[in-house]
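# Coordinate inspection notes
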Number of protein chains: 2
Amino acid sequence: MAKLSGLSVSTVSRVINNKPHVSEAKRQRVQEAMDALGYSPLQAARQMRGSGSGNVAVVVPTITNNFFAHLVDSIERTCSKYAYRTLIIQTYGERAGEEEALNLLRMQHADGAILCAIENQWELIRKFTQYGRLVACNEYNEDHEISMICGRQYEGFQKATEYLLGKGHQRIAYCTGAKALVLQPKGLNIDSDRYRGFIETLSKAGKSADPDQMFTRIHTMEDGKRVMKKILNLSLQERPDAVIAGSDEVAAGMVIEGLANGIRIPEDIAILGVDDQPLASCIQIPLTTIRQPIAQEGEYAAKEMIRQLRDGAEDTIRKELDLELVIRQSA
Amino acid sequence: MAKLSGLSVSTVSRVINNKPHVSEAKRQRVQEAMDALGYSPLQAARQMRGSGSGNVAVVVPTITNNFFAHLVDSIERTCSKYAYRTLIIQTYGERAGEEEALNLLRMQHADGAILCAIENQWELIRKFTQYGRLVACNEYNEDHEISMICGRQYEGFQKATEYLLGKGHQRIAYCTGAKALVLQPKGLNIDSDRYRGFIETLSKAGKSADPDQMFTRIHTMEDGKRVMKKILNLSLQERPDAVIAGSDEVAAGMVIEGLANGIRIPEDIAILGVDDQPLASCIQIPLTTIRQPIAQEGEYAAKEMIRQLRDGAEDTIRKELDLELVIRQSA
DNA sequence: TTGTACGCGTTATCAA
DNA sequence: TTGATAACGCGTACAA
């Protein structure tokens with residue numbers, strides 16, 4: 001035993017774990033020895049005895065996206081507060097990346113994974129629940145088999161659409177990062193909920209969306225510029241007078257490209273972002289945007305993970321947070 | 001033994017570690033059994049036998065800053081390529097945060113740490129070299145006791161200053177995130193090297209810097225706006241005709257505040273950023289900026305860490321990368 | 001080529 | 001209140 005404080009392993013173990021049945025005198029002696037040797041228990045050995053690794057994996061598409069950077073920040077802050085370390089895994093939108101992350105659970109490098117990007121079918125992901133805890137953050141999980149934290153996308157997009165309609169806009173274009181426009185029952189899919197919030201509000205107002213002005217797979221500022229170019233090629237009759245961009249980055253691209261072509265924003269075309277990234281308030285025309293409560297989402301997700309890990313909670317929760325419409329100039 | 005493939009532990013171990021002295025037949029049988037059971041060796045047990053944790057800690061002030069997000073991205077990419085996991089630690093500019101990270105080494109949660117933000121004195125940090133490998137990334141280390149990867153700050157700022165002087169600017173203001181303007185011998189401190197590159201180029205041209213127009217502790221876009229306000233309060237005689245901002249964020253703040261006050265950029269005041277963040281090219285007046293080779297820095301730092309960890313390299317290296325002046329509109 | 005036995009640091013159990 | 005001992009999964013020295 002490396003703890004040559006002159007006492008037995010069990011006494012030392014009891015002191016470390018604050019267990020009873022140790023005299024104050026011995027407790028002192030052990031403490032002193034620990035301080036003197038700069039000793040600290042080895043997690044690896046503990047893990048072999050059944051306690052976990054103390055690591056939480058957080059899975060995001062990429063951390064260079066400001067939205068996810070803030071999410072990771074919030075998760076890391078919370079985990080570290082509860083003495084859990086944060087392992088970061090980027091998927092880059094690839095299924096393989098996500099599988100790699102899930103394998104961390106199987107290999108017991110992490111006790112749980114917070115999924116902020118779901119690439120694979122639930123079929124595949126489910127298999128890994130036997131190895132560790134999973135929490136979905138800013139993502140839905142169809143079968144409600146794992147806890148999830150997300151924003152009320154439907155209501156947020158509803159609010160935004162109502163706002164645009166209230167401003168008198170007639171033809172509203174729609175951009176999304178999704179690969180296709182899908183409509184599933186509410187609460188199953190984040191993209192579907194957003195689209196549903198938009199399109200159902202439109203129909204309630206007796207309007208409908210023009211299929212030619214629904215753009216999919218739109219992610220970056222460059223994508224936004226491209227879409228704006230397409231829009232500007234349309235005749236004035238066809239041209240939308242408002243756009244719900246899929247993110248602030250896309251919105252920023254559209255604003256920049258629009259201004260460069262002499263379009264007035266919001267007078268000619270109103271542009272509405274999503275996320276409320278720092279970028280949103282600092283471009284030429286500050287963005288009106290649907291604010292996602294990123295910090296809260298991350299904190300709740302991390303706390304839920306810790307609840308399951310540390311407190312051994314077996315039940316799953318579903319926490320929904322309100323989105324807020326932040327009104328600036330672009331719409 | 002959990003490996004109930006019907007063979008002995010050592011045979012299994014030999015297969016797992018690709019060691020010789022195993023017949024092809026047995027090797028096959030073990031492989032099959034492993035696949036069938038979805039078995040994978042437990043790192044925790046290996047660690048007890050002396051191999052490391054397989055984790056690399058990466059220490060940044062905050063990941064929400066785009067610069068560091070890209071650095072972490074690049075490091076994580078590289079580490080994962082070599083089967084190392086990336087633990088993220090944010091210091092928020094606090095010494096305590098850095099110590100916490102270094103303690104990961106002591107507790108053997110990580111085999112090494114890549115320091116992208118050095119908060120404490122080297123005196124303190126040195127103590128932790130006994131517990132694991134350290135690599136400084138985008139930071140200098142005074143005593144050259146650990147490997148470091150960084151940009152040639154002096155030359156970069158020299159180039160930028162020469163550029164501004166070449167444009168005929170007479171009074172150049174200077175912003176830095178550092179707590180004070182320090183001048184140390186070249187190669188010891190990143191802030192000092194930058195400042196030296198600026199000020200020495202100035203003197204070579206027979207000019208000097210106005211102490212009243214050297215701003216310290218300038219980090220954020222808000223800080224940039226504040227500095228611009230101060231500058232606009234000066235009389236036209238005193239007012240600088242160019243500014244080297246400490247970062248693109250600061251530069252962006254200055255551009256926005258300047259434009260809002262009717263200043264023409266770069267005609268009235270030229271503004272030069274640092275980093276070349278995505279932000280730089282998308283604000284109203286695209287930023288001329290000193291580009292840091294972030295992706296390369298991160299990759300080199302990670303590779304150096306792996307060289308030390310996996311290959312057991314004991315020597316330290318010092319890799320310096322060129323900074324590039326990206327010329328857009330703001331200067 | 002193959003298998004056995006031991007020890008790494010920790011916790012749980014049981015005996016003193 | 002204490003301490004001795006077994007067990008976790010792995011790698012390795014050594015024996016077969």
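What counts, and where the lines are drawn
- Residues numbered from 1 in each chain as written.
- Chains lettered and ligands numbered in written order.
- Predicted model: local features only at pLDDT ≥ 70, side-chain atom pairs only at ≥ 80, totals over all residues.
- Heavy atoms only, no water.
- Helix = DSSP H or I, 4+ residues; strand = E, 2+ residues; numbered from the N terminus.
- Buried < 20%, exposed > 50% of the residue type's maximum accessible area, 1.4 Å probe, protein only.
- Contact = heavy atoms within 4.5 Å.
- Areas by Shrake-Rupley, 256 points an atom, 1.4 Å probe, with all protein chains shown as cover.
- Lys, Arg positive; Asp, Glu negative; His and termini not counted.
- Charge placed at Lys NZ, Arg CZ, Asp CG, Glu CD.
- Axes fitted to C-alpha atoms, helices over the stretch in contact; angles between N-to-C directions.
- Parallel < 35°, antiparallel > 145°, perpendicular 65-115°, else oblique.
- Left-handed = near helix turned anticlockwise from the far one by under 90°.
- Buried area = accessible area lost by both parts, 1.4 Å probe.
- Salt bridge = Lys/Arg side-chain N within 4 Å of Asp/Glu carboxyl O.
- Polar contact = N/O pair within 3.5 Å; in protein donor to acceptor, adjacent residues only side chain to side chain.
- Nonpolar A, V, L, I, M, F, W, Y, C, P; charged D, E, K, R; others polar.
- Domains from an automatic or database assignment.
- Near = heavy atom within 4 Å.
- Pairing = 2+ DSSP bridges.
- Phe/Tyr/Trp six-rings, centres within 6.5 Å; stacked < 30°, edge-to-face > 60°.
- Lys NZ or Arg CZ within 6 Å of the ring centre and 35° of its normal.
- Disulfide = S-S within 2.5 Å.
- Core = buried A, V, L, I, M, F, W, Y, C linked by side-chain atoms within 4.5 Å.

## Quick look at the overall build of chain A
- The helix and strand inventory of chain A stands at 12 helices and 12 strands.
- Dimensions along the principal axes, computed over C-alpha positions, put chain A at roughly 90 × 40 × 30 Å.
- The buried share among the 331 residues of chain A stands at 54%.
- Nonlocal contacts in chain A, meaning residues at least 24 apart in sequence, comprise 68% of its contacts between residues at least 6 apart.
- A total accessible area of about 14,600 Å² is found for chain A, and carbon and sulfur atoms account for 47% of it.
- Of the charged side chains in chain A, 40 are positive and 43 negative; the average position of the first set lies 6 Å away from that of the second.

## Structural notes on the packing of helix 4 (residues 66-81) of chain B against helix 12 (residues 294-310) of chain B
Residue and element names in this part refer to chain B.
- Put simply, helix 4 and helix 12 touch, their axes get as near as 8 Å, and they point 40° apart. Of the possible angle classes, the one that applies to helix 4 and helix 12 is oblique. As helix 4 runs across helix 12, the sense of the crossing is right-handed. The segment helix 4 lies against helix 12, with Phe 67, His 70, Leu 71, Ser 74, Ile 75, Thr 78 and Cys 79 engaging Ile 294, Ala 295, Glu 297, Gly 298, Glu 299, Ala 302, Lys 303 and Ile 306.

## Points about the interface of chain B and chain A
- Listed per partner, the contact involves 38 residues of chain B and 38 residues of chain A.
- Around 3,400 Å² of area is buried between chain B and chain A when both sides are counted, 60% of it from carbon and sulfur atoms.
- By the criterion of area lost to chain A, the three top residues of chain B are Thr 64, Arg 85 and Cys 282 of chain B, representing 16% of everything that side buries.
- At the boundary of chain B with chain A, the tally comes to zero salt bridges.
- Applying the counting criterion to the chain B and chain A interface returns 14 residue pairs in polar contact (both at pLDDT 80 or more).
- Among the elements of the structure, helix 3 (43-48), helix 4, strand 2 (85-90), helix 5 (95-106) and helix 11 (278-282) of chain B are those that each provide at least two residues to the side of chain B that touches chain A.
- The element best represented in the side of chain B that touches chain A is helix 4 of chain B, accounting for eight residues.
- Looking at the side of chain B that touches chain A residue by residue, the class counts come to 18 nonpolar, 14 polar and six charged.

## As for the domain arrangement of chain A
- The domain boundaries assigned to chain A delineate domain 1 (2-49), domain 2 (55-151 + 294-321) and domain 3 (153-291).
- On a C-alpha basis, the centroid separation for the pair domain 1 of chain A and domain 3 of chain A is 60 Å.

## Topic: the protein's contact with DNA strand D
- Lining the immediate surroundings of DNA strand D are 22 residues, of which Thr 11, Arg 14, His 21 and Ser 23 of chain A together with Tyr 39 of chain B lie closest.
- Of all atoms in DNA strand D that approach within 4 Å of the protein, 54% are sugar or phosphate atoms.
- Separating a phosphate oxygen of DNA strand D from a side-chain N or O atom of Ser 23 of chain A is a distance of 2.7 Å.
- In this structure, Arg 49 of chain A approaches DNA strand D through a side-chain N or O atom, which is 2.7 Å from a base nitrogen.
- For the surface near DNA strand D, the secondary-structure elements that each account for two or more residues are helix 1 (9-16) of chain A together with helix 1 (9-16) and helix 3 of chain B.
- Per-element accounting of the surface near DNA strand D gives the leading share, four residues, to helix 1 of chain A.
- Partitioning the surface near DNA strand D into residue classes produces seven nonpolar, eight polar and seven charged.

## So, the sheet that holds strand 12 (residues 324-326) of chain B
Residues and elements named next belong to chain B.
- With respect to topology, six strands assemble into an open sheet ordered 7-6-8-9-10-12, the strand pairing being mixed. The sheet is open, and its two edges are formed by strand 7 (214-215) and strand 12, each paired on a single side.
- Relative to strand 9 (residues 270-275), strand 8 (residues 242-244) is paired through three bridges, and the arrangement is parallel. Each bridged residue has a counterpart across the sheet, and for Val 243 the counterpart in strand 9 is Ile 271.
- Sitting on the sheet, helix 8 (residues 190-204) touches strand 6 (172-175), strand 7, strand 8 and strand 9, and the angle it makes with strand 6 is about 175°.

## As for the sheet that holds strand 10 (residues 288-291) of chain A
All names here are of chain A.
- Reading across the sheet, the six strands line up as 7-6-8-9-10-12 and stay open at both edges, with mixed pairing between neighbours. Of all strands in the sheet, those bounded by a partner on one side alone are strand 7 (214-215) and strand 12 (324-326).
- Pairing analysis gives two bridges linking strand 6 (residues 172-175) to strand 7, with the strands arranged parallel. Bridge pairing in strand 7 places Cys 175 opposite Phe 215.
- Sitting on the sheet, helix 7 (residues 153-166) is in contact with strand 6, strand 8 (242-244), strand 9 (270-275), strand 10 and strand 12, with an inclination near 165° to strand 9.
- In this fold helix 10 (residues 248-260) packs onto strand 6, strand 8, strand 9 and strand 10, with an angle of close to 155° to the strand it touches most, strand 9.

## Brief notes about the packing of aromatic side chains
- Inspection of the entire model under this criterion finds 12 aromatic pairs over all chains.
- Arranged with centres 4.7 Å apart and planes meeting at 15°, the rings of Tyr 174 of chain B and Phe 198 of chain B form a pair that is stacked. Taken as a pair, Tyr 174 of chain B in strand 6 and Phe 198 of chain B in helix 8 lie far apart in primary sequence, 24 residues in all. Across the pair, exposure class does not vary: Tyr 174 of chain B and Phe 198 of chain B are buried alike.
- By the ring-pair criterion, three or more aromatic residues cluster together here, those being Phe 157, Tyr 174, Tyr 195 and Phe 198 of chain A.
- Against the face of Tyr 300 of chain B rests Lys 319 of chain B, its NZ or CZ located 4.4 Å from the ring centre.

## Quick notes on the state of the cysteines
Residues and elements named next belong to chain A.
- Per the counting criterion, the structure on display carries zero disulfides over all chains.
- Considering cysteine sulfurs only, Cys 137 is the nearest to Cys 150, which forms no disulfide, with 8.7 Å between them.
- Cys 150 gets classed as buried once you look at its relative accessible area, which sits at 0%.

## Here's the deal with the pattern of salt bridges
- On inspection of all chains with the given rule, the structure shows 36 salt bridges over all chains.
- Notably, a salt bridge pairs Arg 126 of chain A with Glu 145 of chain A, separated by 2.6 Å at the nearest N-O pair. Note that Arg 126 of chain A is positioned in helix 6 (residues 122-126) and Glu 145 of chain A in the loop between strand 4 (133-137) and strand 5 (147-151), a separation of 19 residues in sequence.
- The salt bridge involving Glu 304 of chain B is made with Arg 307 of chain B; its shortest N-O contact spans 2.8 Å.

## What about the nonpolar core?
- By size, the foremost hydrophobic cluster in this structure holds 47 residues, and its most contacted members are Ile 114 and Cys 116 of chain A together with Ile 114 and Cys 116 of chain B.
- Of all the secondary-structure elements, those providing two or more residues to this core are strand 1 (55-60), helix 4 (66-81), strand 4 and helix 12 (294-310) of chain A together with strand 1 (55-60), helix 4, strand 4 (133-137) and helix 12 of chain B.
- Excluding residues within four positions of it along the chain, Cys 116 of chain A makes contact with Val 58, Val 59, Val 60, Pro 61, Phe 68, Leu 71, Ile 75, Cys 137 and Glu 139 of chain A.
- With 36 residues, the next largest nonpolar core counts Leu 105 and Trp 122 of chain A together with Ala 57 and Leu 134 of chain B among its residues.

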